[in-house]
Amino acid sequence: MVSEHAAAQVLVASNRGPVTYTLSEDGSLDARRGGGGLVSGLSAIGSEAEALWVCAALGDGDREAVRRGVGEPGVLMLDIDEAVHSDAYNGIANSVLWFVHHMLYQTPLEPVFDKEFRRQWASYETYNRAFAEALAAQAAEGAAVLVQDYHLALVPGMLRELRPDLRIGHFSHTPWAPVDYFRMLPDDIAEQLLRGLLGADRTCFLTRRWADAFVSCCTELLGGTGGTAIGVHGLGADADFLRKRAHRPDVDERLAALREQIGPGRKTIVRVDRTELSKNIVRGLLAYRQLLETRPEWRERVVHVAFAYPSRQDLAVYRDYTVEVQRVADEINSAYGTEGWTPVVLHVKDDFARSLAAYRLADVALVNPIRDGMNLVAKEIPLVSEAGCALVLSREAGAHEELGEDAVTVNPYDVSGTADALHAALTMPDDERSRHTERLATAATALPPQKWFLDQLRALREGA
């Protein structure tokens with residue numbers, strides 16, 4: 001399909017696009033533009049080239065916008081069959097590939113790669129092919145195409161067959177599984193995924209660890225990476241945006257409300273996550289409970305501010321996990337709470353302004369994922385915290401590669417060790433905490449979103 005977008009010089013492809021549409025009761029469509037590194041990066045291109053973002057229609061509002069021909073300049077939304085998208089997104093991307101790369105399976109029972117898996121995999125292929133064909137139709141001769149994440153792992157190889165003239169890059173925002181875990185996938189599927197990514201001129205990762213794991217998989221299964229270059233680009237935080245946004249009136253209002261909930265003179269342990277299995281929220285709560293149990297001096301002197309925003313609630317395992325987070329928080333409050341002290345302040349409704357308010361008052365930031373491609377929260381809290389914060393950080397977060405020297409490092413499975421780390425962070429002397437916070441903020445902003453995007457684009461064009 002060739003449209004008014006044809007001959008784009010720079011193209012980005014991702015499952016979720018920069019704009020979403022909501023269908024109102026009166027039939028009108030409301031557009032909401034998102035943020036993030038890719039949006040910032042594309043805005044940095046300016047008049048240098050015509051840019052196009054290719055994404056999927058994700059909801060009824062998006063699909064209706066496509067049918068009505070409503071859209072924004074520079075955005076091409078694909079109305080892929082809803083059942084195909086569900087199989088590809090929920091059945092394969094989020095229930096298989098995410099689980100493999102984050103090593104989340106309970107292997108005595110799962111995974112089961114059966115006939116249903118093969119049916120869903122065919123949808124994943126169809127979904128990726130729709131993106132590849134759209135990109136091939138819209139790209140100018142020799143254009144640069146940057147494909148995003150595990151949802152679209154087959155696109156580079158498919159696009160290479162359709163348009164060998166293009167400069168194709170792929171970026172994985174997740175970890176990459178070690179070779180023994182990756183080989184859990186059926187052999188033909190594992191090989192297809194690797195060859196899909198090796199269709200790119202450059203395939204890139206957030207850390208050297210994840211890049212090395214990918215290379216190991218290619219070496220073990222395919223004998224090498226062929227002519228594909230491997231890049232590492234560690235996405236950083238947008239300091240200017242965060243610091244300005246964190247001091248707007250709506251954040252000030254939420255900060256006042258949080259301080260009232262917490263009570264005067266108390267330390268705060270802050271975490272902000274989606275209720276995603278890999279974020280390890282339950283073990284974080286168990287560690288906090290052990291802190292209160294074994295070090296009673298902290299009772300009524302500290303509050304755990306835990307924001308756990310629901311994620312992927314169309315999958316039963318995520319709904320169950322969200323319920324367990326609430327149950328453990330309630331259990332702690334029931335066991336230790338007093339009339340004037342609520343040990344855990346848990347919020348499950350997404351509210352960016354409230355998250356920033358929590359960043360500002362954080363004494364300790366708890367970031368303890370089982371595995372995480374990067375984890376920008378670990379980079380954002382030190383930037384915004386008013387008094388400086390001690391960072392308790394899982395060694396399995398990609399951010400640990402850059403921030404580990406100035407963090408209190410934890411094994412995410414070790415609840416007792418995490419409890420000890422929380423105590424160490426809470427008792428860290430002010431001058432030491434200030435020094436660490438300053439260095440964390442510097443490391444966190446080394447590659448802000450626009451530079452992160454433009455560095456990739458430059459390297460792709462230059463063949464680096």
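Calculation rules
In this convention, every chain numbers its residues from 1, walking through the sequence in written order. In keeping with the model being predicted, local features are shown solely for residues with a pLDDT of at least 70 and side-chain atom pairs are shown and tallied solely at 80 or more, while totals for entire chains, interfaces and linings include all residues. Side-chain numbers here rest on the full set of heavy atoms in the structure, without hydrogens or water. DSSP-based pairing: two strands are paired if at least 2 bridges between them are found. Where helices and strands are cited, they refer to DSSP runs of H or I of at least four residues and of E of at least two residues respectively, numbered from the N terminus. Axis definition: a line fitted to C-alpha atoms, limited for helices to the stretch in contact. Angles are taken between N-to-C directions and run from 0 to 180 degrees. The criterion is simple. A nonpolar core is a set of buried Ala, Val, Leu, Ile, Met, Phe, Trp, Tyr and Cys residues joined through side-chain atoms within 4.5 Å. The classification of residues rests on relative accessible area computed with a 1.4 Å probe and restricted to protein chains. Under 20% of the type maximum is buried, over 50% is exposed, and intermediate values are partly exposed. Contact criterion: two residues are considered in contact whenever any of their non-hydrogen atoms come within 4.5 Å of each other. The predictor attaches a confidence to each residue, and that confidence, scored 0 to 100, is pLDDT. Note on charges: Lys and Arg go in the positive column, Asp and Glu in the negative column, and His and the chain ends are not counted at all. Each salt bridge in this description consists of a side-chain nitrogen of Lys or Arg and a carboxyl oxygen of Asp or Glu lying within 4 Å of one another. As used in this structure description, the phrase polar contact means that two N or O atoms lie within 3.5 Å; if the pair is within protein, one of them must be able to donate a hydrogen and the other to accept it, and residues adjacent in sequence are counted only when both atoms belong to side chains. Here is the rule: rings of Phe, Tyr and Trp (six-membered ring for Trp) pair when centre to centre is within 6.5 Å. Planes less than 30 degrees apart are stacked, more than 60 are edge-to-face, and the remainder are tilted. Placement of a charge over a ring requires the Lys NZ or Arg CZ to be within 6 Å of the ring centre, with the centre-to-atom vector within 35 degrees of the ring normal. Crossings are sorted by hand: turned counterclockwise from the far helix by less than a right angle, the near helix makes the crossing left-handed, and turned clockwise it makes it right-handed. Residue type decides the class: Asp, Glu, Lys and Arg count as charged, Ala, Val, Leu, Ile, Met, Phe, Trp, Tyr, Cys and Pro as nonpolar, and the leftover types, Gly among them, as polar.

**Concerning the sheet that holds strand β7 (residues 167-172)**
Here is step 1: The seven strands lie next to each other as β5-β4-β1-β6-β7-β8-β9, forming an open sheet whose pairing is parallel. Across the chains shown, the open sheet's two edge strands, defined by having one partner strand only, are β5 (75-78) and β9 (229-232). Between one strand axis and the next, the sheet turns by 20° as a mean value, whatever way the strands run.
Here is step 2: As paired strands, strand β4 (residues 51-56) and β5 are joined by four bridges and run parallel to one another. Residue Cys 55 lies in a different strand from β5, and its bridge partner there is Met 77.

**A look at the nonpolar core**
Here is step 1: Phe 131, Trp 176, Phe 182 and Leu 193 are the most contacted members of the largest nonpolar core, which totals 163 residues.
Here is step 2: The contacts of Trp 176, once residues within four sequence positions are left out, are His 101, Phe 182, Leu 194, Leu 197, Phe 205, Trp 210, Ala 213, Phe 214, Cys 217 and Arg 371.

**Let's talk about the confidence of the model for the protein chain**
Here is step 1: Mean pLDDT for the protein chain: 93, with 95% of residues reaching 70 or above.
Here is step 2: Taken as a whole, residues 1-5 scores under 50 in pLDDT and shows 14 contacts with residues more than four places along the chain or in a different chain.

**Describing the side chain of Arg 354**
Here is step 1: By the secondary structure assignment, Arg 354 is in helix α13 (residues 352-361).
Here is step 2: Salt bridges are absent for the buried Arg 354, whose nearest opposite-charge side chain, Asp 351, sits at 4.3 Å.
Here is step 3: Side-chain polar atoms of Arg 354 contact the backbone oxygen of Lys 349, separated by 2.5 Å.
Here is step 4: Excluding anything up to four places from it in sequence, Arg 354 contacts Arg 254, Leu 258, Phe 307, Tyr 309, His 347 and Lys 349.

**Examining the packing of aromatic side chains**
Here is step 1: One pass over the structure, following the stated rule, counts 13 aromatic pairs.
Here is step 2: Here Tyr 127 and Phe 131 contribute two aromatic rings whose centre-to-centre distance is 5.2 Å and whose plane-to-plane angle is 70°, an arrangement assigned as edge-to-face. Of this pair, Tyr 127 and Phe 131 both sit in helix α4 (residues 115-138), four residues apart, roughly one helical turn.
Here is step 3: Judged by relative accessible area, Tyr 127 falls into the buried class, the value being 2%.
Here is step 4: Residue class for Phe 131 comes out buried when judged on its relative accessible area of 0%.
Here is step 5: Positioned above the aromatic ring of Trp 298, the side-chain terminus of Arg 301 is 4.3 Å from the ring centre.
Here is step 6: The aromatic ring of Phe 307 is capped on one face by Arg 354, whose charged end is 5.3 Å from the ring centroid.

**With respect to the packing of helix α11 (residues 281-294) against helix α16 (residues 415-426)**
Here is step 1: Where α11 contacts α16, the two axes come as close as 8 Å, and the packing angle between them is 65°. For the crossing formed where α11 meets α16, the hand is right-handed. Listed contacts from α16 to Arg 283, Leu 286, Ala 287, Tyr 288, Gln 290 and Leu 291 of α11 are Val 415, Ser 416, Thr 418, Ala 419, Leu 422, His 423 and Leu 426.
Here is step 2: Here the residues of the contact of α11 with α16 are counted per class, giving eight nonpolar, four polar and one charged.

**Let's talk about the pattern of salt bridges**
Here is step 1: Evaluation of the coordinates by the stated rule reveals 34 salt bridges.
Here is step 2: A salt bridge links Asp 79 to Arg 67, with the nearest nitrogen and oxygen atoms 3.8 Å apart. Here Asp 79 is found in the loop between β5 and α3 (82-101), whereas its partner Arg 67 is found in helix α2 (residues 60-68), with 12 residues between them in sequence.
Here is step 3: The shortest N-O distance in the salt bridge between Arg 163 and Asp 165 comes to 2.9 Å.
Here is step 4: Taken together, the shared-partner salt bridges connect Glu 64, Arg 67, Arg 68 and Asp 79 into one network.

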